[in-house]
Each structure stands twice: as structure tokens, then as C-alpha cells.
Amino acid sequence: MAVKTGKLTGRQKAAMLLVSFGPDKSAQVMKYMNEDEIEQLTLEIAHVRTIKVEQMDGIIDEFGQLYVASQYIAQGGIEYAKKVLENALGNEKAFNIINRLSSNLQIKPFDFVRKVDASQILNFIQGEHPQTIALIMSYLDQQQAAAILSALPPERQSDVARRIAIMDRTSPEIIREVENILEKKMSTLGSQDYTSTGGINAIVNILNKVDRSTEKTILETLEVQDPDLADEIKKLMFIFEDITKMDDRSIQLVLREVDTKDLALALKGSSEEVATKIKKNMSKRAGQMLEEDMSFLGPVRLRDVEEAQQRIVTIIRRLEESGEIIISRGGGDELIV
């Protein structure tokens, strides 16, 4: 009997499996991976020292089950695969296999509403509890979620936004229950998996798509209800790389406020696109001096670079809040020249 491999991560199992394949076959497999996946697996393989025979048997057995399940899915979909595996392996084992495979295939809960107009979804969920609305919105397309959040009554907007921001993991039973209720209401089909959703990044992505008025209302309310959460969200609302989306005049105004040491440090860890955008809005002499400052810095700590970038982002947000610059956003934030 193969040993359990539950304590190993998926990446560790994949690394061990590739080691067992040998260099030639592993190289063939890696041809189908992207650079990030290859880098991560290579690092994991480097940490593999010894593999117990029974441990390897368990990994190969699990891999075989996932492969067979994927073939069933290709033949008749998730439900077909689930029924076949339940008959062959029992409910619990079939559930675990389908769950893992669903995550790999990026099959997510509430998939059946992703192509539905946001106004229609709103009609079905606006009477639900704010926590239920937050859960559903966390799985929707960002544009859909933004449209729904904008259409909710002001008094519910901040409540739902806060619930999305503090959401962590939700049990599959609750997800299935909510999904089934919505599925019955909309008379359509869906699929589910066990995934993490919600969180700070989720609400930031949604707020970046809503109109400025909705964003302002939500943040002002959160500043009263949960100041720390509001501050954390605001820090992520505009990232340093978004400088490439700013107009030249706004960048020039920002550069007047930024310390040259911070700028040199921040650009050490930025993309070439950001550096080009900034230098374009500097005089030739100032650009040369910036290059010299960056070269004199030598190796720098990532934390220092991120802190310098955050100080510049804080300046950008302050100038935006004072109306000195305008950052284009979603939700009909049109500019009139």
C-alpha cells in the first residue's frame, strides 16, 4: 500500500515525480511549462535529497488517479468523472481527487454566472445577507463585481466591501450551499472547488474598477468602521507600476514632490517601462543625474526599494486627493479637456 503524501505540497510532489522520470523525460515535460513554473520546480528539485520508495509509490499512485480523472473529465465533464470515480473509489476519495483536479483546471465556484450581465445577477442577490453577497462577488469577474458594488445602496456598499476584504477561506460546504441556491434561482448549471477567495487584493481589484464616487464613499465609511483596514486598502489602491498609466503633466507634478534618493532607489526595482516613462518627463541633465545616482547605489535590499516606491505612491495619492492630479479609473471616470 502506498503511503499518504498529504504533508507534501503539490510542488514537492511534482519535483519528486520529475526526479523519478529521469533527466530526459523531465526535460520533455518541462517543455510544456512556463518560465515561472520551471524556475519554481527547479528550485524544489534542488532541495530533494532522498525519496523513500513507499513515498514515491504514493506520489505515483496519486498522479495516476489524477490522470485517469482528467481523462474522464475530457470524456464527459466534471459530473461524469465524479460519478465514475465515486463508483470506483468511494465518495470521499472521489471528492478529494476532483477537488485537486478542479483547482488545476481553474474550475471555480459560480462559474455559471460569469457570462451573465451584472444587473441580472444583482436582481438575484441584492436581497441576500451582505456576507452572502460578498462571497458571491469574490468569485465574479472584477468588472461584474464592480458594477454590482456600484449599484448597491450606499449603506450596503461599505459593509459588503469590508466583508470581502476580511474574507479568508470559506468551507466547500458553505460555498456549495450558496452556489446551489443561486443556481436554482437562475436555473442554470455550475461547478465548484475549494479555493481561497476574498481578501485585501480582491476588494482592491474591485475598487479599482468602480467609479471614484463609490470608491470614496466606501473608503470614508471604512475609515470610521475599521481605520487599519481602510489604510491597508488605500496603500494597495495604486501600485508603483501604475505610473505608466499616468499622463505626463501628472508625473511632472509628482516629480517635484519626490526626493531624488527615493526616486533612484525606487527605480532600481522597477520595470524598464516605468523608468522610461519617468525619464521622459525629466530634463536631459536631471535624467543623467538620476542614472548616476542609481549606479552609485550598487546592490540594494528589496525591502528598501519597496519602501521607497510606497513613499512615492503615497505622494501620488495625496496629490490625487487634493485634486492636483487625476488618475484615470474604471466605472466611467471620463476626462473632459
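The rules behind these values
- Residues numbered from 1 in each chain as written.
- Predicted model: local features only at pLDDT ≥ 70, side-chain atom pairs only at ≥ 80, totals over all residues.
- Heavy atoms only, no water.
- Helix = DSSP H or I, 4+ residues; strand = E, 2+ residues; numbered from the N terminus.
- Buried < 20%, exposed > 50% of the residue type's maximum accessible area, 1.4 Å probe, protein only.
- Contact = heavy atoms within 4.5 Å.
- Areas by Shrake-Rupley, 256 points an atom, 1.4 Å probe, with all protein chains shown as cover.
- Patch = residues over 30% accessible without salt bridge, like charges linked within 9 Å, V, L, I, M, F, W, Y side chains within 5 Å.
- Salt bridge = Lys/Arg side-chain N within 4 Å of Asp/Glu carboxyl O.
- Lys, Arg positive; Asp, Glu negative; His and termini not counted.
- Charge placed at Lys NZ, Arg CZ, Asp CG, Glu CD.
- Polar contact = N/O pair within 3.5 Å; in protein donor to acceptor, adjacent residues only side chain to side chain.
- Core = buried A, V, L, I, M, F, W, Y, C linked by side-chain atoms within 4.5 Å.
- Axes fitted to C-alpha atoms, helices over the stretch in contact; angles between N-to-C directions.
- Parallel < 35°, antiparallel > 145°, perpendicular 65-115°, else oblique.
- Left-handed = near helix turned anticlockwise from the far one by under 90°.

Asker: A description of the overall build of the protein should follow, citing residues and the corresponding values.
Answerer: Scanning the protein from N- to C-terminus turns up 18 helices and zero strands. For the protein, with 337 residues in total, the buried portion stands at 39%. Across the protein, contacts joining residues at least 24 apart in sequence account for 77% of those joining residues at least 6 apart. Counting every atom, the protein has about 19,800 Å² of accessible surface; 51% of that belongs to carbon and sulfur.

Asker: Can you lay out a negative patch on the surface for me, pointing to particular residues and giving the numbers?
Answerer: On the surface, a cluster of negative charge is contributed by E35, D36, E37 and E39. Of note, E37 is situated in helix α3 (residues 35-46). Here E37 falls in the partly exposed class, since its relative accessible area comes to 37%.

Asker: Could you give an account of the environment of A202, naming the residues involved and the relevant values?
Answerer: Turning to its location among the elements, A202 is positioned in helix α11 (residues 200-207). In sequence terms A202 and A145 are 57 residues apart; their C-alpha atoms lie 10.0 Å from each other.

Asker: Break down helix α8 (residues 142-151) for me, citing the residues and quoting the values.
Answerer: Buried residues of α8: Q144, A145, A146, I148 and L149, and no others. Two or three places before Q143, at the start of α8, stands the capping residue D141, its side-chain oxygen 2.8 Å from that residue's backbone nitrogen.

Asker: Could you give me a rundown of the pattern of salt bridges, with the residues and numbers involved?
Answerer: This structure, assessed with the given rule, holds nine salt bridges. Notably, a salt bridge pairs E291 with K279, separated by 2.3 Å at the nearest N-O pair. You can see E291 sitting in helix α17 (residues 284-297) and its partner K279 sitting in helix α16 (residues 272-280), a full 12 residues away along the chain. Relative accessible area serves as the criterion here: at 24%, K279 is assigned to the partly exposed category. Ionic contacts of the salt-bridge type, sharing partners, join the residues D248, K277 and K280 into one network.

Asker: Pulling in residues and values, what's your account of a nonpolar patch on the surface?
Answerer: A cluster of nonpolar side chains, contributed by F21, V29 and F63, occupies part of the molecular surface with about 230 Å² of accessible area. Topologically, F63 is positioned in helix α4 (residues 53-89). Here F63 falls in the partly exposed class, since its relative accessible area comes to 42%.

Asker: Describe the nonpolar core, with residues and values.
Answerer: M137, L149, I203, L207 and I233 are the most contacted members of the largest nonpolar core, which has 42 residues in total. Looking at this core, the elements with two or more residues in it are α6 (118-125), α7 (130-139), α8, α9 (154-166), α10 (172-186), α11, α12 (212-225) and α13 (227-236).

Asker: Please set out the packing of α6 against α8 residue by residue, giving values where relevant.
Answerer: At a minimum axis distance of 9 Å, the contact between α6 and α8 shows a crossing angle of 55°. Between α6 and α8, the interaxial angle falls into the category oblique. Where α6 crosses over α8, the handedness of that crossing is right-handed. Listed contacts from α8 to A118, I121, L122 and I125 of α6 are Q144, A147, I148 and A151.

Asker: Quick one: what's the story with the side chain of K277, residue by residue and with numbers?
Answerer: Within the secondary structure, K277 sits in helix α16. Within the structure, K277 has its side chain in polar contact with the backbone oxygen of M246 (distance 3.2 Å). Look past the residues within four positions of K277 in its chain and what remains in contact with it is I243, T244, M246, D248 and I251.

Asker: Can you lay out helix α15 (residues 260-268) for me, pointing to particular residues and giving the numbers?
Answerer: Those residues of α15 that sit buried are D262, L263, A264, L265, A266 and L267. Elements in contact with the buried residues of α15: α14 (248-257), α16, α17 and α18 (302-321). Two or three places before K261, at the opening of α15, D259 has a side-chain oxygen 2.7 Å from that residue's backbone nitrogen.

Asker: Before we move on, can you summarise the side chain of Q309 with the specific residues and values?
Answerer: In this fold, Q309 is placed in helix α18. Beyond its immediate stretch of four places on either side in the chain, Q309 contacts F240, A266, G269 and S270.

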